[in-house]
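# Structure assessment
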Amino acid sequence: MKVAITGKGGSGKTTVAAILARTLARGGADVVALDCDSNPNLGISLGIGPERTLELAAIRQSLDDEEGGAEHAETADELIERFGDDAPDGVRLAVVTKIEKPNPG
Amino acid sequence: MSARVAFVGKGGVGKSVISATVARLLGRAGDDVLALDADTMPGLALSLGMHVGPEGLPETLAEQRENEGWVMADPSVTPDQLVDRFAIVGPDRVRLLTLGKLPGNVKPGSTMAFRHVVRGFRRSGWSLVGDLAAGTRQAFFGWAGFARNVALVAEPSAKSVLSARRLARLAESMPGVTFAVIASKVREGDDPARVAAAIGLPLLGSVPYDGSVLDAERHGLTALDAVPEAPAMRAIAEIVTLVDQG
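Everything numeric in this text was worked out from a predicted model, so none of it was measured. (Residues numbered from 1 in each chain as written. Chains lettered and ligands numbered in written order. Predicted model: local features only at pLDDT ≥ 70, side-chain atom pairs only at ≥ 80, totals over all residues.)

Take the overall build of chain A next. The helix and strand inventory of chain A stands at four helices and three strands. Along its sequence from the N terminus, chain A presents helices and strands in the succession α-β-α-α-α-β-β. Within chain A, the fraction of its 105 residues that count as buried is 32%. The contacts of chain A with a sequence gap of at least 6 include a subset with a gap of at least 24, amounting to 66%. (Helix = DSSP H or I, 4+ residues; strand = E, 2+ residues; numbered from the N terminus. Buried ≥ 20, exposed ≤ 12 C-beta atoms within 10 Å, placed from the backbone. Contact = placed C-beta atoms within 7 Å.)

Here is the structure:
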């Protein structure tokens, strides 16, 4: 199952996504939670706290800064393994948003 | 009065209501006010009490050139002219310009023209009030470039504070601009101080959690029209005096 959750800021997207992910994981599913928000806060709602949430985004940024960049791009599985973090109930969290050096708008 | 203030922060913390109310109160005080909605989910018009679509500036104002990228089609067109020609007049004489870029519907010409205004419009005596997108991208890309004050709006929640902590890093890239926190939807007496301390910036002001404002919004009304004496409205009036720099 692949679910994307979208809507206006403050409407509860992150909370719904986190509870959905953890509930599925508690039911025995292997769950990857992807934070695609340009303001990635899913870690907080999953329960890993603000410092680890901030750290995740920083790790994601480091990928863009690496020499060569896309030339040695890994598979999605490898990226989630390398740059993700373990949240409660076995949910694997990865931030897939670039925060700085953005495009206009 | 005169103010140049940009409101940034996580979605749903009250940026649009605060920026719209500040803009209209400046207008009531006699200012010429330009309200800039840089959100890709434009909502400032609604908060101002206007019923206009999310159309931005005409796409044809800018064009793409080889080697130069996107540039204004007519370089002699000034930001002032764009405002006079395209800003829509709303309640309390507030003029509104909207970025108008909907997600998935990128309009580089409109975006370029909007940026031309943000960067260049400095007409003497006018107040500028900006409502920035919820994410961190725009803020870091210069959409707050017109501001003398950047107000980080945050409510007492871990997510909102974390977003504001990210946005606080903007201060490093904007020397000479005053950064401060507006604690929004506060319930307890020590909420404003706790929010500001967690973000690590001084507190500019605070706006209480106010059911009458949320009720007005739920019915599609602007709080300033429906419940002008509500505690949140009085708190925002206080903020206007704090961002006023003559």
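Residues and elements named next belong to chain B. Where strand E3 (residues 62-65) and strand E4 (residues 69-72) come together, four bridges link them in antiparallel fashion. Note on E4: the bridge partner recorded for Ala62 is Met72. Where E3 hands over to E4, the hairpin turn is made up of three residues, of which Asn67 adopts a positive phi near 75°. (Pairing = 2+ DSSP bridges.)

Strand pairing in a sheet relies on backbone hydrogen bonds, with the paired strands running either antiparallel or parallel. Residues and elements named next belong to chain B. Reading across from one edge, E5-E6-E2-E7-E1-E8-E9-E10 is the order of the eight strands in this open sheet, with mixed pairing throughout. Because the sheet does not close on itself, it has two edges, and the strands there are strand E5 (88-89) and strand E10 (203-208). In the sheet, strand E9 (residues 178-186) pairs with E10 via five bridges, with the strands oriented parallel. Residue Ile182 lies in a different strand from E10, and its bridge partner there is Gly205. In the packing of helix H1 (residues 15-28) onto the sheet, the strands contacted are strand E1 (4-9), strand E2 (33-37), strand E7 (127-131), strand E8 (149-154), E9 and E10, and the crossing angle to E7 comes to about 165°. (Axes fitted to C-alpha atoms, helices over the stretch in contact; angles between N-to-C directions.)

Right, let's talk about the confidence of the model for chain B for a bit. When pLDDT is averaged along chain B, the result is 91, and 94% of the positions lie at 70 or above. Per-element confidence in chain B is highest for E10(B), whose mean pLDDT is 97, and lowest for helix H5 (residues 137-140) of chain B, whose mean pLDDT is 63. (pLDDT = per-residue confidence, 0-100.)

All names here are of chain A. Read from one edge of the open sheet, three strands run E1-E3-E2, paired in mixed fashion. Of all strands in the sheet, those with a lone pairing partner are strand E1 (32-35) and strand E2 (85-86), marking the two edges. Bridge count for E1 against strand E3 (residues 92-95) is four bridges, and the pairing is parallel. Paired with Val32 across the strands is Arg92, a residue of E3.

Turning to the packing of helix H3 (residues 79-86) of chain B against helix H4 (residues 108-120) of chain B, a few remarks are in order. Residues and elements named next belong to chain B. Put simply, H3 and H4 touch, their axes get as near as 8 Å, and they point 120° apart. In this structure, H3 crosses over H4, and the sense of that crossing is left-handed. Residues Pro79, Leu82 and Val83 of H3 form the contact with H4, whose participating residues are Ala113, His116, Val117 and Gly120. Grouping the amino acids of the contact of H3 with H4 by side-chain chemistry returns five nonpolar, two polar and no charged. (Left-handed = near helix turned anticlockwise from the far one by under 90°. Nonpolar A, V, L, I, M, F, W, Y, C, P; charged D, E, K, R; others polar.)

Residues and elements named next belong to chain B. Within the chain, Asn67 stands out as a residue other than glycine whose phi angle is a positive 75°. Relative to the helices and strands, Asn67 resides in the loop between E3 and E4. The backbone of Arg93 sits at a positive phi, close to 65°, despite the residue not being glycine. Secondary-structure assignment places Arg93 in the loop between E5 and strand E6 (95-98). Residue Arg93 is classed as partly exposed on the basis of its 15 C-beta neighbours within 10 Å.

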